Amino acid sequence: MNELGARPISPPYLGAAFCPRRAMASFFVSPVLHRVLVLSWFLCAATALLPRHVAAASYVTTVSTASFAASGTTCDDAGPAIATRQRNGTSAAVLRLAHRHGPCAPSRSSVHAGPSFAEVLRAEYIQRRMSGSGARGPKGNNLKQLTAAGSSRSATVPATMGYSIGTLQYVVTVSLGTPSVPQTVELDTGSDVSWVQCRPCSAPACYSPKDPLFDPSRSSTYSAVPCAAEACLELGIFREGCSSSQCRYVVSYGDGSNTTGVYGSDTLTLTPGTTASDNAVETFLFGCGYAQTGLFAGIDGLLALGRQSMSLKSQASNAYGGVFSYCLPPKETSTGYLTLGGPSSASGFATTGLLTAWTAPTFYMVMLTGISVGGQQVGGVPTSVFAGGTVVDTGTVITRLPPTAYAALRSTFRAAMAPYGYPSAPAMGILDTCYDFSRYGVVTLPTVALTFSGGATMSLEAPGILSSGCLAFAPNDGDGVAAILGNVQQRSFAVRFDGTSVGFMPGAC
């Protein structure tokens, strides 16, 4: 019993029957104390009328509706392009990362207005890769083809099955050549071939870039890759024969975008504007693009962080140990970071095992095992539903779940939102659970958490739950098909890759 005669109880069991009865029954106290007791009874009784998930504060989150509006015009973090190169005594290059369409970007291109057809194309591409559709090699369901990281099995797919370039949203600035030339490039964990536009190239063969075109003839360290070189052969499906004994590359994307040119090498400097050897990747292999079409305007190229030998992650492994991490900013008016290297320990991260799908060895795969809403596990979802694995992808905006898992999440989320009485809003493209918050200054949401094998859990903040007022999840093509962890859910988390595991740390940017 406490001093007012009420029993101490946990929030989910609050009720008028357990409120301080002396507030109404005792008339032998001072008038001031009597008023306090009466007020305490009414407050306690009012609390009993709230939904149970409201009382459990750890299972709800509140957010200002202003966060659902379009991004502002001022960058909240105008920090340097690169941070300290030492983390816990370990060599690391830390690049400033910004949303391509936000005020922190080096140059803003057209505003991205929510999930688009390009988003659908990218998700469909990843699902085709994971299912083996169109692969030159064994086909069929990829469920039985997930192997531990490090598997030597691989497969190729036609280059025309490329994903959509229009969904890539995050950029970093690096420098290329000697002397170094700044290049603003999009970040992509789902591809392996990096490229920039090169001279000679003019419209319509090349789009309007952010920076001046890279001119390989002005770089003392540039060289074209010979056709017979191993690096040319490693391009595989992205190899487009030879021209004047020089290796040519081509990458075509599902939305019609493409890039083609000469495959070459030069010094990539991770600290723009300098030639510091400790921040340089010498003989960095990349595509020197002489003809591009598609949704590239406002950037200079692409920085690939996939798992194959051509990617930056692989090429920089000798210098940085094959470890990299990033933090996607929580909003367009803030910045995050891309780190190459850093401590070998994953201390502070919730980690889960890294898997490899032989039909798509480029992708970083993990195993999603469960979803919770308001602290309660979403029921009715057999573990076999998630058996296709989950791709961690910076280029997919909205997380895609197997239909059974998505239907259960949607139903549970709607039920948790119902007591608040928020009016519904029309569906927005692939998002079918939307709310009209126009009359509210602050709204309350049930928490949503994703759990992976080994117990690693991502407890999402409000920006990872809603996008433009809609539940930021959508179904994929079928149960057992690979899910995709999109960038909306990854925002503000540090996501770390070390070759054997993927780690998540909340509130990192």
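To keep things clear, this report deals only with the structure shown in the data block. (Residues numbered from 1 in each chain as written. Predicted model: local features only at pLDDT ≥ 70, side-chain atom pairs only at ≥ 80, totals over all residues. Heavy atoms only, no water.)

1. Considerations on the overall build of the chain
Here is the rule we go by: Numbering goes from the N terminus for both helices and strands, where a helix is a DSSP run of H or I of at least four residues and a strand is a run of E of at least two. The contact rule is simple, with two residues in contact once any of their heavy atoms fall within 4.5 Å. The Shrake-Rupley method, run with a 1.4 Å probe sphere, supplies the accessible areas, and residue values consider only the shown protein chains as cover.
The number of helices and strands found in the chain is nine helices and 33 strands. Long-range pairs, those at least 24 residues apart, make up 70% of the contacts in the chain between residues at least 6 apart in sequence. Accessible surface, the chain: about 20,700 Å² in total, of which carbon and sulfur atoms supply 56%.

2. Quick word on the sheet that holds strand 26 (residues 448-452)
Stated formally: Here, strands pair whenever DSSP counts at least two bridges between them. Axis definition: a line fitted to C-alpha atoms, over the contacting stretch in the case of helices. Angles run 0 to 180 degrees between N-to-C directions.
Spatially, the four strands line up as an open sheet ordered 20-19-26-27, and their pairing is antiparallel. For this open sheet the edge positions go to strand 20 (376-377) and strand 27 (457-459), each flanked by a neighbour on one side alone. Sheet topology note: the strand 19 (residues 368-373)/strand 20 ladder contains two bridges and is antiparallel. Its bridge partner lying in strand 20, Ser-372 is registered against Gln-377. Contacts from helix 8 (residues 403-417) reach strand 19 and strand 26 within the one sheet, and its direction differs from that of strand 19 by about 15°.

3. Things to note about the pattern of salt bridges
To keep things clear, this is the line we draw: Between Lys or Arg on one side and Asp or Glu on the other, a salt bridge is scored when a side-chain nitrogen of the former is within 4 Å of a carboxyl oxygen of the latter. Per-residue accessibility, obtained with a 1.4 Å probe over protein chains only, is compared with the maximum for each type, and a residue is labelled buried under 20%, exposed over 50%, and partly exposed between these values.
Considering all chains together, one arrives at four salt bridges under this definition. Among the salt bridges present, the one from Asp-215 reaches Arg-218, with a minimum N-O distance of 3.5 Å. Given the relative accessible area of 67%, Arg-218 is considered exposed. For Arg-248, the salt bridge identified is with Glu-240, shortest N-O distance 3.7 Å.

4. Comments concerning the state of the cysteines
The cut-off we apply is this: When two cysteine sulfur atoms lie within 2.5 Å, the pair is treated as a disulfide.
By the definition in use, this model includes seven disulfides. Here Cys-227 connects covalently by a disulfide to Cys-242, the sulfurs 1.8 Å from one another. You can see Cys-227 sitting in the loop between strand 8 (223-224) and helix 5 (230-233) and its partner Cys-242 sitting in strand 9 (residues 239-243), a full 15 residues away along the chain. Look at Cys-242 and you get partly exposed, because its relative accessible area is 42%.

5. Section: the environment of Arg-239
Note that Arg-239 resides in strand 9. Between the C-alpha atoms of Arg-239 and Thr-260, which are 21 residues apart in sequence, the distance is 9.7 Å. Excluding anything up to four places from it in sequence, Arg-239 contacts Cys-227, Cys-232, Leu-233 and Arg-248.

6. Overview of the side chain of Thr-394
Inspection of the secondary structure assignment puts Thr-394 in the loop between strand 21 (390-392) and strand 22 (399-401). The contact partners of Thr-394, leaving out residues within four places of it in the chain, are Leu-187, Asp-188, Thr-189, Tyr-326, Asn-487 and Gln-490.

7. What to know about the pairing of strand 19
Of all six residues in strand 19, five are buried, a share of seventy percent or more. When strand 19 meets strand 26, the two strands line up antiparallel, connected through five bridges. If you follow Val-373 over to strand 26, its bridge partner there is Val-448. Turn length for the strand 19-strand 20 hairpin, with the two strands adjacent in sequence and antiparallel, is two residues, and the turn residue Gly-374 shows positive phi of about 60°.

8. With respect to the nonpolar core
As a rule of thumb, nonpolar side chains are buried together in soluble globular proteins. We apply this condition: Working definition of a nonpolar core: buried Ala, Val, Leu, Ile, Met, Phe, Trp, Tyr and Cys residues. They are joined through side-chain atoms within 4.5 Å.
Ranked by size, the top nonpolar core spans 72 residues in total, and within it Leu-312, Leu-338, Ile-371, Val-448 and Phe-473 carry the most contacts. Counting residues per element, this core draws most heavily on helix 8, at seven residues.

9. A look at the packing of aromatic side chains
The criterion, for reference: Aromatic rings from Phe, Tyr and Trp, taking only the six-membered ring of Trp, are treated as a pair when their centres fall within 6.5 Å; an angle between ring planes under 30 degrees marks them as stacked, one over 60 as edge-to-face, and anything in between as tilted.
Inspection of every chain in the model, using the stated rule, returns 13 aromatic pairs. Each ring, one from Phe-214 and one from Phe-286, has its centre 6.1 Å from the other, and the planes form 75°; the classification is edge-to-face. Of this pair, Phe-214 sits in the loop between strand 7 (195-197) and strand 8 while Phe-286 sits in strand 12 (residues 280-293), placing them 72 residues apart in sequence. For the pair shown, Phe-214 and Phe-286 are each scored as buried. Geometrically, the ring pair formed by Phe-284 and Phe-286 is stacked, given 6.3 Å between the ring centres and 5° between the ring planes. Each member of the pair, Phe-284 as well as Phe-286, is classed as buried. Among the aromatic residues, those joined into a ring-pair cluster are Phe-413, Tyr-420, Tyr-422, Tyr-435, Phe-437 and Tyr-440.

10. Concerning unusual backbone geometry
If a residue is not glycine, its phi is most likely negative; likewise, a peptide bond is most likely trans. Residue Thr-178 is joined to Pro-179 through a cis peptide bond whose omega torsion reads 0°. Omega for the bond connecting Arg-199 with Pro-200 falls within 30 degrees of zero, at 0°, which places this linkage in the cis form. The topology assignment puts Pro-200 in the loop between strand 7 and strand 8. Positive phi, normally seen in glycine, also occurs at Ser-245, with a value near 65°. Assignment of secondary structure puts Ser-245 in the loop between strand 9 and strand 10 (246-252). Of note, Ser-492 is a non-glycine position whose phi angle comes to about 75°, a positive value. Its place among the elements puts Ser-492 in the loop between helix 9 (487-490) and strand 32 (494-497). With a relative accessible area of 11%, Ser-492 lands in the buried category.

11. Let's talk about the pairing of strand 10
The pairing of strand 9 with strand 10 spans three bridges and is classified as antiparallel. Bridge pairing in strand 10 places Cys-242 opposite Cys-247. A loop of two residues connects strand 9 with strand 10, the two strands running antiparallel in sequence, and Ser-244 in this loop sits at a positive phi of about 55°. Bridge count between strand 10 and strand 11 (residues 258-269): five bridges; the pairing is antiparallel. Within the sheet, the bridge partner assigned to Val-250 lies in strand 11 and is Thr-260.

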